[in-house]
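Summary of the model geometry
Residue strings, one per chain:
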Amino acid sequence: MDMEKVNSMDFGEFVDVFGNVIERCPLIAAAVWSQRPFSDLDDLEKHFSAFIDALPQSGLKGQICHFAPRPRVPAEAERSWHRQAQGQEGILRCHPDLAGRELQRGTLTAESQREQSGAGLTHLGAEERRRLAELNARYRARFGFPFVLAARLSDRDAVPRELTRRLRCQPALELRTALGEVKKIGRLRLADLLGVDPARL
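Residues numbered from 1 in each chain as written. Predicted model: local features only at pLDDT ≥ 70, side-chain atom pairs only at ≥ 80, totals over all residues. Heavy atoms only, no water.

A short note on the nonpolar core
Judged by nonpolar contacts, the single largest core of 50 residues is most densely connected at Phe14, Phe18, Ile22, Ile28, Leu44 and Phe48. Listed by contribution, the elements that provide at least two residues to this core are helix H1 (3-8), helix H2 (11-18), helix H3 (26-33), helix H4 (41-54), helix H7 (87-93), helix H10 (126-143), helix H11 (158-166) and helix H12 (171-194). Top contributing element to this core by residue count: H12, with 8 residues. Setting aside anything within four residues of it in sequence, one finds Phe18 in contact with Met1, Val6, Met9, Ala29, Leu44, Phe48, Leu190 and Leu193. (Core = buried A, V, L, I, M, F, W, Y, C linked by side-chain atoms within 4.5 Å. Buried < 20%, exposed > 50% of the residue type's maximum accessible area, 1.4 Å probe, protein only. Helix = DSSP H or I, 4+ residues; strand = E, 2+ residues; numbered from the N terminus. Contact = heavy atoms within 4.5 Å.)

Observations concerning the environment of Ser112
Mapped onto the elements, Ser112 comes out in helix H9 (residues 110-118). Taking the relative accessible area as the measure of exposure, Ser112 reaches 4% and is therefore buried. Along the chain, Ser112 and Arg152 lie 40 residues apart, while their C-alpha atoms are 9.7 Å from each other.

Here's the deal with unusual backbone geometry
Cis geometry marks the peptide bond from Arg36 to Pro37; its omega dihedral reads 5 degrees. One non-glycine residue, Ala99, adopts positive backbone phi at about 60 degrees. One can find Ala99 in the loop between H7 and helix H8 (101-105). Classification of Ala99 by relative accessible area gives buried; the value is 8%.

Examining the packing of aromatic side chains
Going through the model one piece at a time under the given rule, you end up with 7 aromatic pairs. A ring pair is formed by Phe11 and Trp33, whose centres lie 5.3 Å apart and whose planes are at 85 degrees; its orientation type is edge-to-face. Within this pair, whereas Phe11 is found in helix H2, its partner Trp33 is found in helix H3, the two being separated by 22 residues in sequence. The interplanar angle of 35 degrees and the centroid separation of 4.6 Å between the aromatic rings of Phe14 and Phe18 together place this pair among those described as tilted. One end of the pair, Phe14, and the other, Phe18, are both in helix H2, 4 residues apart, so they sit about a helical turn from each other. Neither residue differs from the other here; Phe14 and Phe18 are each classed as buried. Here a set of aromatic residues connected by ring pairs shows up, and it is made of Tyr139, Phe143, Phe145 and Phe147. (Phe/Tyr/Trp six-rings, centres within 6.5 Å; stacked < 30°, edge-to-face > 60°.)

Right, dumping it as structure tokens:
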């Protein structure tokens, strides 16, 4: 897909295509649509990142909704609206645990399913799943949002090591780190949609 095609999309088509660049946050794509035209992948990514950076750490319910009209989204995305309205932490809460319940239940988004599968997280043994579930629970209890990692840039052995390391971080630093991972995931997803080789990023 080239940028001419992206810039010609109407509101609904843009949200349909780019609505999960930031996991389960179609409202961000809705806001970014109004910033057309985009010159290239970097420019498009910049607008997604700028939206995230402009949010308060913890927002008030409905606060994000002033940026753009609420798009029509699939039913499963409806649950993410109140989380998005809680600022940057709300965006993090839209992400699933790595190798967590959503993976076991088959309810991950298609993008998350591919990313976790590529990192080998769909083939963990029982003890590996138990250990990761324990670490995920400790992380949520400490920071109030799920552990976010660009799984495509990691693997099944590195994930628990990184989770353990980040559990020792201070909350303010960890919030910045987690949002950085959200942006990495978004850039890789944009590259997929635009047909750019991620190895060139």
